Amino acid sequence: MQSQERQQNSAPRDDAVIHAVNLTRHYHVRTGPFSPPAVVKALNEASFDLYPGQTLAVVGESGCGKSTLARVLTMIEPPTSGQLTINGQRVELKEGQRPPRELRREVQIIFQNPYGSLNPRKTVAAMLEEPLKLNRSDVSAEQRRQKALEMIEKVGLRPEHADRYPHMFSGGQRQRIAIARALMLNPKILVLDEPVSALDLSIQAQVLNLLSDLQDEFGLAYVFISHDLSVVQRIADDVIVMYFGQPVETGPASEVFTRPRHPYTQALFSATPVADPNRRKERVKLKGEPPSPLNPPPGCPFAPRCFMATEECTHGDPPLEAVTPRVKVACIHVEKEGAI
Amino acid sequence: MSTSTTAVAPGTFRYQFVEFWGYFSASRGALVGLIFIATILVVALLAPWVAPHDPALQNREAFLVPPVWHAEGTWRYILGTDAVGRDILSRLIYGARYSLFISAMVVLLSMVIGIFLGLLAGYFRGWLETLITRAMDVVLAFPSLLLALGLVAVLSPGLTSAMIAIAVVQLPYFVRLTRAAVMSEKDREYVIASRLAGAGHTRLMFNTLLPNCMAPLIVQATLSFSTAILDIAALGFLGMGVQPPTPEWGAMLANAREFMGSAYWAVTFPGLVILLTVLMINLMGDGLRDALDPKMKRS
């Protein structure tokens, strides 16, 4: 019950590192030389709280607004509407404006592609020292180097790697370097935008273990964006399932994974392969493609593909409503049937 | 706390140079180019002591004397003389001073300005980009020689105005190349990461983006070098560039053109020197680009 009240009166619990209320990000897209620009709702009314040491997983298929959420949270782009509070401080950002230094330090990001996220012309040490150089004028050059070397060892690389260039490393090692760089300013929040999807399975496990260790050591809060549900199940505390830019189901990972309620969540989870030959597969199959963001369907955006859809679904977008004390679902049928 | 495994500590300038030299000298072409250019530079600097004659001195007894390996050739004029009896070898040696200096200045000038404008255009986009690219399109729309001629005419004929004019004519290539490279790199994740680390516009442009855009620019610089030599020559030929009797390679080539049939040496040697210089600079540029690219480094 406590969590429900917390989100309704929209006052952050004292120690929340991220408090997001109805975060929305729209893009204006030019569709033709003579037609007026169309609005793409890349992210629609996402609300959540994130606490130190916790992992919030954001799952959904491609194009569902996961990466837009990452860009809004890292303050690369301001939200079109909604409130974002980071570490107790309201983020008030205009288009094209840089966030204030003390906020910038709190949130760092790890990108999916470890081959594009490291500057090919800089050594590992130079990359790790850059954030300190730019934000901590009190740290001397030797101290910077010292800190960089410490961080290199912390993420499982060796000190002699410090003066090498990114192309000399494998994908997993590069992701370690990216993690080290993100941690140089001691942030409280790390946005992980599909951090392991570009890596081999065995390397994925290593990097995930590293992330868990670092979370314990520094009390980091993770926003873990992924489409790989087996990975999410392993590390997430809370889950947001997104479809077409909006959250369709939110709640603790344990509850959402044992009992997915929203039809989209069910379909998504049933598509995850399970390494158990004796388990009978009952796949919830979806028809069709996600709708075009330029031409959204009336009512529930999932209705055209939903196996539970009725005529009623085309009237109005279903709001996110609590079905248990901690799980919220945006579907009119879930409430009616109580449990499916 | 640096790893002192090698004789020279990493991170120092000396270390970087030793490393750079290792990669540069691994390319034989680059080495040959460097030696050739260095030789020409030394000869040009020592011209008064190396050249056998005064480059402007005309000998009325010796018009169009052929090179020494011809029956009529003499050791006095090793590469022969031109139509007014000046020693071609001496003129080539003195001419190296002008040709190399002019081309280097032209390339430097248009590269620095071009990179700056290109970075601004590619990084900020918007009206600034439109302004810069349209201005460059205007420059490109004129035949380059015509524009250079017009500029020199406005600025009064002479060496400095010729250099400025040719630098302006070369500018669009650098601007466009830089802009295109910046645009393709700008949205890469490492740039965003650097921005999140707190890098401002200046740092992103010059420290993060520019080094990653240098490869095509180095090649373009070596190509521009050769174009600059030829353009200066053309201006000189039209009386708008280097004024006679200054011994400049291109002007020598242009002045001797009418004797191409009867006295090939007056045209061949300046042409050959220009060709070799341009070729060697290109070879050196290739080596330079590879040596400066960390991706080519072996661990």
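Here's what I pulled together on the structure shown here. All values reported here derive from a predicted model rather than from experimental measurement. (Residues numbered from 1 in each chain as written. Chains lettered and ligands numbered in written order. Predicted model: local features only at pLDDT ≥ 70, side-chain atom pairs only at ≥ 80, totals over all residues. Heavy atoms only, no water.)

**Here we look at the overall build of chain A**
Rule in force here: Put simply, DSSP marks the helices as runs of H or I at least four residues long and the strands as runs of E at least two long, and each gets a number from the N terminus on. Radius of gyration: over C-alpha atoms. The globule rule applied is 2.2 Å multiplied by the number of residues raised to the 0.38 power. Only protein chains enter the accessibility calculation, which uses a 1.4 Å probe. A residue is then buried if its area is under 20% of the maximum for its type, exposed if over 50%, and partly exposed in between. Pairs of residues are marked as contacts when any of their non-hydrogen atoms sit within 4.5 Å.
Counting secondary structure elements, chain A contains 11 helices and 12 strands. In summary, chain A has a C-alpha radius of gyration of 21 Å against a globular reference of 20 Å for 340 residues, a match within 12%. Taken over the C-alpha atoms alone, chain A extends approximately 70 × 55 × 50 Å along its principal axes. Within chain A, the proportion of its 340 residues that are buried is 53%. When contacts within chain A are restricted to residue pairs at least 6 apart in sequence, long-range pairs at least 24 apart make up 65% of them.

**Let's talk about the environment of A:Gln89**
Residues and elements named next belong to chain A. Within the element layout of this structure, Gln89 appears in strand β5 (residues 89–90). Taking the relative accessible area as the measure of exposure, Gln89 reaches 31% and is therefore partly exposed. Separated by 13 residues in sequence, Gln89 and Glu102 have C-alpha atoms that sit 9.8 Å apart. Residue contacts for Gln89: discarding those within four places in its chain leaves Leu84, Glu102 and Leu103.

**So, the interface of chain B and chain A**
The condition is simple: Each salt bridge in this description consists of a side-chain nitrogen of Lys or Arg and a carboxyl oxygen of Asp or Glu lying within 4 Å of one another. Here a polar contact is recorded for every N or O atom pair within 3.5 Å, except that within protein the pair must consist of a potential hydrogen donor and a potential acceptor, and residues adjacent in sequence are included only if both atoms are side-chain atoms. Just so you know the grouping, Ala, Val, Leu, Ile, Met, Phe, Trp, Tyr, Cys and Pro go in nonpolar, Asp, Glu, Lys and Arg go in charged, and all remaining residues, Gly too, go in polar.
In this assembly, 27 residues from chain B lie in contact with 31 residues from chain A. If you look at where chain B meets chain A, you find 1 salt bridge. Here A:Glu130 and B:Arg203 are joined by a salt bridge, their closest N and O atoms 2.9 Å apart. The interface formed by chain B and chain A holds 8 residue pairs in polar contact (both at pLDDT 80 or more) in total. In terms of residue count, helix α8 (residues 189–196) of chain B provides more of the side of chain B that touches chain A than any other element does, 7 residues in total. Classifying every residue of the side of chain B that touches chain A by side-chain character gives 11 nonpolar, 8 polar and 8 charged.

**Examining helix α5 (residues 126–141) of chain B**
All names here are of chain B. Our working definition: The span you would expect from a helix comes to 1.5 Å times its residue count less one. Along the arc lie the directions from the helix axis toward the C-beta atoms.
End to end, α5 covers 22 Å across 16 residues, agreeing with the expected 22 Å (1.5 Å per residue, within 8%). Of the residues making up α5, those classed as buried are Leu128, Glu129, Ile132, Thr133, Met136 and Val139. Buried residues of α5 fall within an arc of 115° about the axis and therefore sit on the same side. Residues of α5 that are exposed and angled more than 90 degrees away from the buried face: Trp127, Leu131 and Ala141. Looking at the packing, one finds that the buried side of α5 touches α4 (88–124), α6 (144–155) and α7 (159–186).

**Focus: helix α10 (residues 214–237) of chain B**
The terminal C-alpha atoms of α10(B) lie 34 Å apart, and with 24 residues this matches the ideal 34 Å at 1.5 Å per residue to within 8%. Note on α10(B): the residue one or two positions beyond its end, B:Gly239, has a positive phi of about 80°.

**Observations regarding the pattern of salt bridges**
In this structure the tally under the stated criterion is 19 salt bridges over all chains. Two residues, A:Arg145 and A:Asp163, come together in a salt bridge whose shortest N-O distance is 3.1 Å. Taken together, the positions of A:Arg145 in helix α5 (residues 141–154) and A:Asp163 in the loop between α5 and α6 (171–183) put the pair 18 residues apart, joining distant regions of the chain. Judged by its relative accessible area of 25%, A:Asp163 is partly exposed. The residue B:Arg289 makes a salt bridge to B:Asp290 at a minimum N-O spacing of 3.4 Å.

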